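# Commentary on secondary and tertiary structure
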Amino acid sequence: MAECIVVTSGKGGVGKTTTTANLGMALALNGSKVAVVDADIGLRNLDVILGLENRIVYDLVHVIEGECRLKQALIRDKRVENLFLLPAAQTRDKNAVTPAQMRELVNQIKAEGYDYVIVDCPAGIEQGFKNAVAGADKAIIVTTPEVSAIRDADRIIGMVEAAELPEPQLIINRYRPRMVASGDMMNKEDILEILSIPLLGIVPDHEEIIISANRGAPVVLDEKSLVGEAYRRIGRRLKGEPDVPMLEFPVNTGFWSTLKKLMGLSAREVA
Amino acid sequence: MIEFISRIFGRTQGAAPGSKDTAKQRLKFLLIHDQVDLSPAQLEQMKAELIKVIAKYVEIDESDTAVRLERSDGQIALVSSIPVRRVVEREVASLPKEVANNTKIVEPVVVVEEVAHSA
């Protein structure tokens, strides 16, 4: 049974697109057939994060307006079997599509034998959001441990419920264990107390994310990456695998580790 | 230099309170006011009127009253704590004499009132 999941946040810049790319890839690496859909019409970026920008011929609006067939617009990833991208149009705006058309599009993709359709929602609460949630069976909320992002996440949770989707799940992104340990960043419990929705996973902040975006190669492709592991575990939880433990981020504030960090000797440790 | 040394040795836990508690408090306040659309000024006015009404029936300690909105599990509650000194004379006078004698001076109690507001 195919499932459509919308990745949303309200606030921009919290990592929706990175989450969509990595999650889609994690699910495909785990054997599912996945289509990631960029619903950010006019400001597409999922193609860049996935490194597929040079292969776009047709986009979502072309499919909806009947200028091409769905199969022609879906770009097959060459690194990961069974991962496909449906890019957004870059030269149109969000009003080019209606919620009913999006629903129809998602159903069409589902009918092609996909296990997951993951929709990257644009920031904001207007037409773009309404389009992105229209075809979704459930929602994932991405937030960062900041006042502004959590405030907007709270608002979006209300809107997801108003759209009659089931209770959304939360991904806490850009988590910085060192700042949490020193009391300068809200921890997992603080955030869950405020948002009171189930936690799907925590993704640590790391330079690797910027490097992977530079290269167009999502971090989940790096088997040794801790950030990649965070996404792989989220993928397993989404697939319903029970008891996938939350990643631990031990913070060593002792003398030697701090000295090493200052000298740049432990580059792989998370911030 | 001191900062450098303290960085080397790692910050002592709990020495200086982190900023996350400030963030959490601000966030809680924001979310409540986002949800009920009641400005802090309106809340103050409501508090003053509430106290005026309650003071008609019982003598209260105005210096120690608290009326605020709290949120848990997406529900907003109006929580008030109003210490009562004694029942006012006028009310007591209408009660039967023996009851009046017993109730004239009541121990200070705290009235906690919760009015649920669905999300």
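Below is a short write-up of the structure. (Residues numbered from 1 in each chain as written. Chains lettered and ligands numbered in written order. Predicted model: local features only at pLDDT ≥ 70, side-chain atom pairs only at ≥ 80, totals over all residues. Heavy atoms only, no water.)

## A short note on the pattern of salt bridges
All names here are of chain A. Taken as a whole and judged by the stated rule, the model has 19 salt bridges over all chains. Glu65 is the salt-bridge partner of Arg92, the closest N and O atoms lying 2.9 Å from each other. A residue pair is termed long-range when its members are at least 10 positions apart, and Arg92 in the loop between strand S4 (83-86) and helix H5 (99-110) and Glu65 in the loop between helix H3 (60-64) and helix H4 (70-73) qualify at 27 residues. On the basis of relative accessibility, which here comes to 35%, the residue Arg92 falls in the partly exposed class. (Salt bridge = Lys/Arg side-chain N within 4 Å of Asp/Glu carboxyl O. Helix = DSSP H or I, 4+ residues; strand = E, 2+ residues; numbered from the N terminus. Buried < 20%, exposed > 50% of the residue type's maximum accessible area, 1.4 Å probe, protein only.)

## So, the nonpolar core
With 95 residues, the main nonpolar core has A:Leu50, A:Leu60, A:Leu86, A:Leu105 and A:Ile109 as its most contacted residues. The element contributing the most residues to this core is helix H7 (residues 147-162) of chain A, with seven residues. Residues within four places of A:Leu86 in sequence aside, it is in contact with A:Val36, A:Val37, A:Asp38, A:Asp59, A:Leu60, A:Val63, A:Leu70, A:Ala73, A:Leu74, A:Leu105 and A:Ile109. Counting residues in hydrophobic clusters, the runner-up holds six residues, among them B:Ile32, B:Val67, B:Leu69 and B:Leu78. (Core = buried A, V, L, I, M, F, W, Y, C linked by side-chain atoms within 4.5 Å. Contact = heavy atoms within 4.5 Å.)

## A look at the sheet that holds S4(A)
Residues and elements named next belong to chain A. As summarised here, the arrangement of the eight strands in space is S3-S4-S2-S5-S1-S6-S7-S8, forming an open sheet in which the pairing is mixed. Bordering the open sheet on either side are strand S3 (75-76) and strand S8 (199-204), each of which pairs with just one other strand. By the bridge criterion, two bridges tie S3 to S4 in an arrangement that is antiparallel. Residue Ile75 lies in a different strand from S4, and its bridge partner there is Leu85. Those strands touched by H5 are strand S1 (3-8), strand S2 (34-38), S4 and strand S5 (116-120), and its axis lies near 130° from that of S1. (Pairing = 2+ DSSP bridges. Axes fitted to C-alpha atoms, helices over the stretch in contact; angles between N-to-C directions.)

## Digging into the pairing of strand S7 (residues 169-175) of chain A
All names here are of chain A. The element S7 is extensively covered by neighbouring structure, given that five of its seven residues are classed as buried. Summarising the sheet, strand S6 (residues 138-143) and S7 pair through four bridges and their orientation is parallel. Across the sheet, residue Ile140 finds its bridge partner in S7, namely Gln169. The pairing of S7 with S8 spans four bridges and is parallel. Paired with Ile172 across the two strands is Ile202, which belongs to S8.

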